[in-house]
Structures are given as C-alpha cells and as structure tokens.
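Here's the letter readout for the chains.
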Amino acid sequence: MKIKIIEDRLKAYAPTSQRDELNALKEIIQEIALCALARAHFFKEAAFQGGSCLRIIHSLQRFSEDLDFILFQPSKSFAWGPYLAALEMEFALYGLDFQAIDRSKADHAVKLAFLKDTSFGRVLLFKHPQGPSDKQTIQIKLEIDTNPPVGSTFQNHFLDFPYAFSIVAQDLPSLFASKCYALLCRPYTKGRDWFDFVWYVSQKVSPNYIHLKEALFQIGPWQGKDLMVSGTWLVDTLQDKIAAIDWEVAKMDAENFLRARERESIAVWGSDFFLATVKKMSSYLV
C-alpha cells in the first residue's frame, strides 16, 4: 500500500519525540503536495519560496509549517480551485482524507488555502503516538503572492519523493531578499526568520537587492519610498532591528521547529551574536 511509503519515510527521520515525528510528517505531506502541484502544472505559473523551500531544496536544518509561492507575473485571475482538486486526489492515493480549502479573499493579493486531515492517526503507525486517533489533525497552509514585487530570479530543481519530479523555486539571492524583507518588516518577532538568516550568512549568500528594494517599496514601513538599497543600508538597518528584538521570544518560536542538536545552537542567541553575524555578512556583501 502507498501508505507504507509514508511510514518508511517517517522512520528514516528517526524522530526522538512526538514533536519531531509530527514535524517530520508535515514535511512529508509538504513533499507530496509539491509533487501533486507539479503534476497539475502549477510550476508553469508559480515558484516555490520561503522557509519550506530552504528546508526541502537546500536542506536547512529546521522544519517549516507552510508552503509559500510566488507568481511569475502579477495576476488578478489566479484561483486555487483546480490545484486544490489535484491535491485531494493525490492524497487519496495514499489513503489520506485531506480536505483542500480555499480561504482566499478577493481584495487580498496573497491567496490562502489550507490542507487539513484528521485520518492520519487511524492509518499511520507512529513511533511516538500522537494521542487518540480521532483527535489528531494535521494542517498545512498554502500561500501565493499574486502581486509579487518584481526582480526575482528563479531556478529549476528536481526532487525524488514520493517520486521524481521537477519544480521551480526562487534562487538563493531572491530567497534571501524575501527573508531580509521579512526580518525588517514583519510586525512581530518570528525566531525562524533569524535562524534562516544565520544559515544564509553561513552560506555567504548576497541578497537580490532589486527584489528587496521592490518589496520594501510595495508594502511596509518604507512603502512608496525610493530607497538606495545596498549592502551598507542593509547592515545598518539590520543592526537597528537587532537592538529591538526580544531574543527569548525569538528562541521560543524557533525551538518548536528544531531537533535537539539545533535547539542547542540557539542558546547563544542575543544581540551580540546577531550583531556579530551581521558583521560577518558585511565582510562579503557587495
């Protein structure tokens, strides 16, 4: 049965806790969803982005809860409908009863949908049982920006689970630009953003400044302002942001998506650590 494919994949994670096992299952569900979207030709009009993109394509050492996408070209006519039908059909092949629900609003450029399932507790065998099978729910949010800031660039990638398929994703400089926008403009502290920031710097990725500038111009504190976005501007602005962060709150958010070894790595988080990380970034930025 196809459900064994999921169970074997889950075992390969060697989860050490309920949280790790549930995070691993969510990631497996995300991979199957990407495969279904690829079969529905979704990646002819959209690209993968965000934390799940870093995790699944670039092996970022943290889990992620959402699937984020960006249209290649702005479109007011995009609709999730046909793709949600394809997702439900794909999961049915694995014996999972996922509901794909469109939560988009006509006046919002970011279109939302949710994948929700309550059947997995009855059909999957867990190393760390998640509780009564009739009380278990898994939910994955899908978001797509239908009016994306210009300037992003893209790459093709190949994945091999549940079988070989190809997708399109933002390239690393554009992904980093999107992350820098989130770091500077998100109205609340999200520790996962800062975990990702450390990864980008460790890989010496420079952001796509054109894409970052357009995102800042489009919405947020710098909306409508003609900024000179450069490495120097980014370093100075991040330093100001770091001084205002409650790092204990940031740690609490991030640790929910980390395994034990990675949770140990955030013990050093604080203003001094991130200022040092920004300094390291400034040494290679152009």
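1. A closer look at the nonpolar core
One finds Phe48, Phe69 and Met281 to be the most contacted residues of the largest nonpolar core, which totals 93 residues. Looking at this core, the element that brings in the most residues is helix 2 (residues 18-39), giving 11 residues. The contacts of phenylalanine 69, once residues within four sequence positions are left out, are Leu34, Leu37, Phe42, Phe43, Ala47, Phe48, Gln49, Trp80, Leu142, Glu143, Ile144 and Asp145.

2. What about the packing of helix 6 (residues 172-185) against helix 7 (residues 191-202)?
Axis separation between helix 6 and helix 7 bottoms out at 10 Å; the angle between their running directions is 140°. Where helix 6 crosses over helix 7, the two elements pack in a sense that is left-handed. Counting all contacts with helix 6, which are made through Leu172, Leu175, Phe176, Lys179, Ala182 and Leu183, the residues of helix 7 involved are Asp193, Trp194, Asp196, Phe197, Trp199 and Tyr200. Taken together, the residues of the contact of helix 6 with helix 7 sort by class into nine nonpolar, no polar and three charged.

3. Regarding the pattern of salt bridges
Under the counting rule described, the total for this entry stands at 15 salt bridges. One salt bridge connects arginine 39 with glutamate 90, and the closest N-O pair in it is separated by 2.6 Å. Taken together, the residues arginine 39 in helix 2 and glutamate 90 in helix 4 (residues 81-92) connect sequence positions 51 residues apart. A relative accessible area of 48% means that arginine 39 is categorised as partly exposed. The class for glutamate 90 is buried, based on a relative accessible area of 3%. As a salt-bridge pair, aspartate 193 and lysine 179 come within 2.9 Å of each other at their nearest N and O atoms.

4. Side note on the packing of aromatic side chains
For the structure on display, the rule yields 23 aromatic pairs. Centre to centre, the rings of tryptophan 194 and tryptophan 247 are 5.2 Å apart; their planes meet at 75°, and the pair counts as edge-to-face. Taken together, the residues tryptophan 194 in helix 7 and tryptophan 247 in helix 10 (residues 247-255) connect sequence positions 53 residues apart. The pair tryptophan 194 / tryptophan 247 is uniform in exposure class, with both members buried. Look at tryptophan 247 and tryptophan 269: their rings are 6.3 Å apart centre to centre, the planes differ by 80°, and that puts the pair in the edge-to-face class. Here tryptophan 247, found in helix 10, pairs with tryptophan 269, found in the loop between helix 11 (260-265) and helix 12 (271-282); they are 22 residues apart in sequence, far enough to count as distant. Side by side, tryptophan 247 and tryptophan 269 carry an identical accessibility label, which is buried. One aromatic cluster is present, built from ring pairs that chain together Phe176, Trp194, Phe197, Trp199, Tyr200, Trp247, Trp269, Phe273 and Phe274. The aromatic ring of tyrosine 94 is capped on one face by lysine 2, whose charged end is 5.2 Å from the ring centroid. The lysine or arginine in question, arginine 9, covers the ring of phenylalanine 161, its NZ or CZ lying 4.1 Å from the ring centre.

Rules and cut-offs
- Residues numbered from 1 in each chain as written.
- Predicted model: local features only at pLDDT ≥ 70, side-chain atom pairs only at ≥ 80, totals over all residues.
- Heavy atoms only, no water.
- Core = buried A, V, L, I, M, F, W, Y, C linked by side-chain atoms within 4.5 Å.
- Buried < 20%, exposed > 50% of the residue type's maximum accessible area, 1.4 Å probe, protein only.
- Helix = DSSP H or I, 4+ residues; strand = E, 2+ residues; numbered from the N terminus.
- Contact = heavy atoms within 4.5 Å.
- Axes fitted to C-alpha atoms, helices over the stretch in contact; angles between N-to-C directions.
- Left-handed = near helix turned anticlockwise from the far one by under 90°.
- Nonpolar A, V, L, I, M, F, W, Y, C, P; charged D, E, K, R; others polar.
- Salt bridge = Lys/Arg side-chain N within 4 Å of Asp/Glu carboxyl O.
- Phe/Tyr/Trp six-rings, centres within 6.5 Å; stacked < 30°, edge-to-face > 60°.
- Lys NZ or Arg CZ within 6 Å of the ring centre and 35° of its normal.

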